[in-house]
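Topology and contacts: notes
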Amino acid sequence: MYAERISGLKSSAIREILKITSRPGIISFAGGLPAPELFPGKEIAEAAQGIFAKYGTSALQYSVTEGLLALREKISAMLDTDTSHTGPQNIIITHGSQQGLDLISKLYLEKGRFVFTETPSYLGALQAFRLFEVDILPIASDEDGIQPQSLLKALKKQRPDLIYLMPNFQNPTGVSLSLERRMQIVDIVKEHDLLLLEDDPYGDLFFSGQKMPSLFTLGSSRNFIYMSSFSKTIAPGLRIAYLAGDEAMISKLAVVKQGTDLQTNTFGQYLVNEYLESNKYDSHKDLLRQTYKQRRDCMLAAMDKYFPGSVSWNCPNGGMFLWVTLPGHYVAGDILLNCLARNVAFVPGQEFFSDGSGQNTIRLNFSNATPEKIEEGIKKIGEVLKEAGI
Ligand SMILES: Cc1ncc(COP(=O)(O)O)c(C=O)c1O
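Okay, so let's go over this structure. Only a predicted model underlies this, so the values are computations on that prediction, with no experimental measurement involved.

1. Comments concerning the pairing of strand 12 (residues 321-325)
Extensive coverage of strand 12 is indicated by the burial of four of its five residues. Looking at chain direction, strand 11 (residues 312-313) and strand 12 are connected through two bridges and run antiparallel. Opposite Trp-313, over in strand 12, you have Val-324 as the bridge partner.

In structure tokens form, the structure reads like this:
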């Protein structure tokens, strides 16, 4: 009795792994989870009290579909607006950026058509797109992100409904799109009059230098949609994220969202708004950057110490993930089974390749576990790798 589009739907292997990793005592590098001890719990509790003092029970009422105006004003001010002139009319608040992916898919994806992604790409996005019965075309990517020449080559054969990219510390590899390529991609998108969705939950978590300009800012036209989230910089349980784009598109998205959930949780929006007003967000992001950098460094040092010489990995300059490559013929899924038996988990990279390649790759999350647990977990993975003859 299920709809036809459900027939291709399979449960994500990551969700299954995450179920196992919730068992006590396991060291998990599997989820994309922020460090729970850094959640600003006290500040959020204070924000909640402040809301009732300021707004009474209106913070519990239905609200507008686009989202709380005060919050949209703050978001538009936060966005790099040098060239994009973003105002609250260009923003819609969503229940996590995962909902943003669903709403954009509903608005733009036509059955049987194409979505272009970098390779590998975020599994949650691939799942959201697949529900709309599109074909996902992986475009060749390297340590500087998606390759403009490969994109041009693909465009000679197909015109996609959507190009989906994560230019900053992407999930799963931690790779960022270089500035030179950002400009090339922007030119290609404009020249071919395409639609590009930029998903940027990790951009503020840079470990050195500063944030690179977004494609949305560089492109500054209706061809670019920007999406970000407070999940990684405040707390994912609040489920507050946003999409930014052309005003006409935002109006259409609001109609689509009405059919989905009427609006994003009013109280959650007030909480984020109040928290942003308390001016603690910047120092909180500094703390996250410092802590995650330490954890990345700890993981890199432990891999140097415990992993066999034939295994390689990258060193992302931000975000929450790094990417490990085993020698060609090894299968990370087999290694995982032996690691789980020793109470340590990761996600095999193959999950993130829409064409089923990447069997010998591993995504490691470094934000969630403490340095001690990182050392212990990496040591165990190193033992399993050596036992497998790597
Ligand atoms: C690239 C990317 N996009 C979107 C999401 C979904 O985030 P949320 O719905 O919590 O905003 C994630 C979560 O890990 C992600 O890594």
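Next comes the rest of the write-up.
2. Quick look at the site of the ligand
Ser-97, Asp-199, Tyr-202, Ser-229 and Ser-231 are the nearest of the 14 residues found near the ligand. Within the contact set of the ligand, a nitrogen atom lies 2.6 Å away from a side-chain nitrogen or oxygen of Asp-199. Within the contact set of the ligand, an oxygen atom lies 2.9 Å away from a side-chain nitrogen or oxygen of Lys-232. Residue contributions to the shell around the ligand peak at three residues, all from helix 4 (residues 96-108).

3. Observations concerning the pairing of strand 7 (residues 162-165)
Within a regular beta strand, the side chains point alternately toward one face of the sheet and then the other, so they alternate between its two faces. Where burial is concerned, the two faces of strand 7 agree: the one with Leu-162 and Tyr-164 and the one with Ile-163 and Leu-165 are both buried. Here strand 3 (residues 114-118) pairs with strand 7 via three bridges, running parallel. Residue pairing in the sheet places Phe-116 in a bridge with Ile-163 of strand 7. Across three bridges, the pairing between strand 7 and strand 8 (residues 196-199) is parallel. Counted as the bridge partner of Ile-163 is Leu-196 from strand 8. At this point the chain moves from strand 7, through helix 7 (residues 179-191), to the parallel strand 8, and the crossover so formed is right-handed.

Calculation notes
Residues numbered from 1 in each chain as written. Predicted model: local features only at pLDDT ≥ 70, side-chain atom pairs only at ≥ 80, totals over all residues. Heavy atoms only, no water. Buried < 20%, exposed > 50% of the residue type's maximum accessible area, 1.4 Å probe, protein only. Helix = DSSP H or I, 4+ residues; strand = E, 2+ residues; numbered from the N terminus. Pairing = 2+ DSSP bridges. Near = heavy atom within 4 Å. Polar contact = N/O pair within 3.5 Å; in protein donor to acceptor, adjacent residues only side chain to side chain. Right-handed = clockwise from strand over helix to strand, strands pointing away.

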